[in-house]
Structure formats: C-alpha cells, structure tokens
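These are the residues of each chain, in order.
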Amino acid sequence: MRSLRIPLIPSSEITPRHVFEARRGFLRQAGSVALAASGLTASLAQRTQAETAPAVKLAAKPNPAYALAEQPTPYKDVTGYNNFYEFGTDKRDPAERAHTLKTRPWTLQVDGLVKTPMTFAIDDLIKIAPLEERVYRHRCVEGWSMVVPWIGFPLAELLQRVGPTGDAKYVEFTSLADQKQMPGIGSGVLDWPYREGLRLDEANHPLTLLTFGLYGEVLPPQNGAPVRIVVPWKYGFKSAKSIVKISLTNRLPLTSWNRTAPEEYGFYSNVNPNVDHPRWSQATERRIGAGTLFAPKQKTLMFNGYEAQVGQLYAGMDLRKFF
Ligand SMILES: Nc1nc2c(c(=O)[nH]1)N[C@H]1C(S)=C(S)[C@@H](COP(=O)(O)O)O[C@H]1N2
Ligand SMILES: [Mo]
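The rules we used
Counting starts from 1 at the beginning of each chain's written sequence and moves along it residue by residue. The lettering of chains begins at A and the numbering of ligands begins at 1, in the order of writing. The predicted origin of the model limits local features to residues at a pLDDT of at least 70 and limits the giving and counting of side-chain atom pairs to 80 or more, whereas totals for whole chains, interfaces and linings rest on all residues. Based on all heavy atoms of the structure, the side-chain values leave hydrogens and waters out of the count. The definitions used throughout rest on a 1 Å grid laid over the protein atoms alone, on which a cavity is an enclosed set of points accommodating a 1.4 Å probe that cannot get out and a pocket is an open set flanked by protein within 12 Å on both sides along at least five of seven lines; lining residues are those having an atom within 4 Å of a point. Grid points are joined across faces, edges and corners, and a volume is the space filled by probe spheres set on the points. In this text, helices come from DSSP runs of H or I with a minimum length of four residues, and strands from runs of E with a minimum of two, each type numbered from the N-terminal end. Three categories are distinguished: nonpolar for Ala, Val, Leu, Ile, Met, Phe, Trp, Tyr, Cys and Pro, charged for Asp, Glu, Lys and Arg, and polar for the others, with Gly belonging to the last. Aromatic pairs are defined between Phe, Tyr and Trp rings, using the six-membered ring for Trp, whenever the two ring centres lie within 6.5 Å; interplanar angles under 30 degrees are classed as stacked, those over 60 as edge-to-face, and all others as tilted. Under the scheme applied here, a residue whose accessible area is under 20% of the maximum for its type counts as buried, over 50% as exposed, and between as partly exposed, the area being computed with a 1.4 Å probe on protein chains only. Any Lys NZ or Arg CZ that is within 6 Å of a ring centre and within 35 degrees of that ring's normal is treated as a charge sitting over the ring. Among buried residues, the Ala, Val, Leu, Ile, Met, Phe, Trp, Tyr and Cys ones that are joined through side-chain atoms within 4.5 Å form a nonpolar core. Contacts are assigned to residue pairs with any non-hydrogen atoms lying within 4.5 Å of each other.

A.B. asks: Kindly report on the layout of surface pockets, identifying the contributing residues and their values.
C.D. replies: Estimated volume of the second largest pocket: approximately 420 Å³. In terms of lining, the second largest pocket is formed by 27 residues, of which the most central are N83, F84, Y194, G236 and F237. Counting residues per element, the lining of the second largest pocket draws most heavily on strand β5 (residues 144-154), at three residues. Each residue belonging to the lining of the second largest pocket can be placed in one class, and the counts come to 16 nonpolar, seven polar and four charged.

A.B. asks: Give me the lowdown on the packing of aromatic side chains, citing residues and values where you can.
C.D. replies: Here the structure, examined in full by the defined rule, presents 15 aromatic pairs. With 5.7 Å between their ring centres and 75 degrees between their planes, Y75 and Y215 make a pair best called edge-to-face. With a gap of 140 residues between them, Y75 in helix α3 (residues 75-78) and Y215 in the loop between β8 (209-214) and β9 (217-218) connect regions that are remote in the sequence. On the accessibility criterion, Y215 (13% relative accessible area) is buried. Above the face of the Y81 ring, K91 is positioned so that its terminal group lies 5.8 Å from the ring centre. Residue placement shows R134 over the ring face of Y66; its charged tip is 3.9 Å from the ring centre.

A.B. asks: Residue-level account of the environment of K57, with values.
C.D. replies: Checked against the element boundaries, K57 lands in the loop between α2 (42-51) and β1 (61-62). K57 sits 161 residues away from V218 along the chain, and the two C-alpha atoms are 6.2 Å apart.

A.B. asks: Provide a residue-level description of the nonpolar core, including the pertinent values.
C.D. replies: Of all hydrophobic cores here, the largest spans 78 residues; its most connected members are L125, L158, L210, F212 and I246. If sequence neighbours within four positions are ignored, I246 has contacts with L108, Q109, V110, D111, L155, L158, V171, E172 and F173.

Without other data, these values stay purely geometric and don't point to any function.
This is the structure in structure tokens:
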C-alpha cells in the first residue's frame, strides 16, 4: 500500500491542524477520483479510505497550566510515525495497519485492590470527568521526541471512583491482544498482551493522563484508540495504548519490556539524560518533524522537563539503580 500513499505535506513545514485538514480534504477527493479512474478493486479503495478516514472531533478545554512554548509536532508525524508493535515494528506500520482495530464496543475493566471494581463502556468512561487539552513533551527511549496536544483527564479521576484499598501500591495496565485485529500479535517481539505499570503515587500524579484524543479529535487507532495512558516524564513505552484493563496490586507489575529485556528497560523508565541506555546515550534527542530530516539534536531534560512537578516522587532514590 505504500505506493498508494499520497505524500501529504513536506516535513519542512510545521503545519497547524486546520491547514492540514483543509489539504487532506482536498487530497482525499483527488485520491478517490484517481482510484475510480484506475479501476482499482473495492477492497483496495476501502483500504485507502480507511487510511484517510475522516476524523471524529472531540471537544476539550485547553488547560493553560500544561501549555508549552515549544511547537506541537505536525499531526502527520504524530499519527504517521508510531510505535505500536501489535501492528508491526516499522514506524509506518501502525498508520497503515491499525484501521483493523475495532474501537466500539470497548470496555475498560478496573479491578484488583479496589473497594469498588468497575467495568466502563468507553462512551461512559469518557464522561466521568471534564476533558482537557494538554500539550506534553513525548520522549521515546529510542532518542526521538515530539510535542503532542493530547485530550483526556487525570487518571486519578478514575482511580478515585474505584477507591484503591490501603494495601494497593501499584497500577498495572493491560492493552488489548487480539490476533484477529492486530497482525503483530503473532510475532514474538514482545510478551503479549502489552503490559505496563506505575507506582500508585505516580498513577495518581496530576500529570498522568487517561487519554482519549489528540489534536481536537478522538485518538486515531495508531495512537492507541480508544483509550491509552500518557505519562510525560517517562519514556514513551510506559504509556500503554488501547488498554482494556487497569489492575491495582501490591506487587511490582511485570511489564512487557521488562520481561523482554530487563537490563535495558527498568520499571521506572524516567526520562533521565544522566543515565544511559545500555546501548546508547540518553543525553540528547531528535525532535520529529522539526523542519529538516536531520534536525539538530537537542538536550534531553531531566524528567523530560517535568522535574519541578515530579522530582519529589523520587527523593532519596538512586536513579541509576531504579532506572
Ligand atoms: N500496546 C502498546 N502500547 C505502546 C507501545 C506498543 O508497542 N504497544 N509502544 C510504546 C512506545 S515504545 C511509545 S514511544 C509510545 C508511542 O506512542 P505514539 O505512537 O502515540 O507516539 O507508545 C507506547 N505504548
Ligand atoms: Mo518508545
């Protein structure tokens, strides 16, 4: 399908969402005319349509406490350069393949060490607290980063409703693992289902966002529709996508990345320029879509720039040991 993809916008532009949208509408029209003329099969045409499916708006109030001076990463990069190994390991795979993900009906189960275990239908869950737009830095362990306008509400809003018991210490997140919808599940690259975890105080931190959308729209499947976690002071892999279960536990959750390569992916995974990955430095990062293909590297900030907010969570801890 790559040959059918229309190169939408040169990466040399930082494109505001509405400008992008206007062009995309134009190109979608142009694309369908071209398809009709070339007599492509219906399934091919459908597939192309799915890749450019019209976005569903999601209203949210921008929260000025989480605005950034940095330019948001262009929509096409946020939604076209992804890690979502359930759909393949190439950065372009999720955008090409994740349209097979069925996001309705969808339920999120919250269980374990809680006073009131609850299962939410996604359309009810999204209404339990006011949706906010928050612009966060997003840093992958691989050394690239983005700036993303997410939409969601603090995970604490949900945890408050189920009421963790006194012995709850950790929160475990489980992503969907359905081979029928997710072609990458057949591969052994990771331990499925994708699992991640946080300490309870990290999960309750106001920065930790239960996320339903980005750029004023519901999450595209490749970004973890219909609901994911975003933990902006940690490497991106802590932010589990397309989650179906949240469990409160008293034992440190075993995470997929920790099981696959424990020496490389610790439980904490805090963004820390002073602690190298065993195979590379974490001192700098490359901002995706920042003008040129080889954007100059910039310095990575302690806790991804959120040190003032989260530093005290780790007071007295040896961050080389708890990496
Ligand atoms: N279920 C699931 N969640 C996942 C991943 C994944 O492969 N599967 N990749 C992680 C990694 S490594 C990163 S960097 C972020 C990427 O999120 P984005 O594609 O929205 O930028 O998702 C994280 N969440
Ligand atoms: Mo990542």
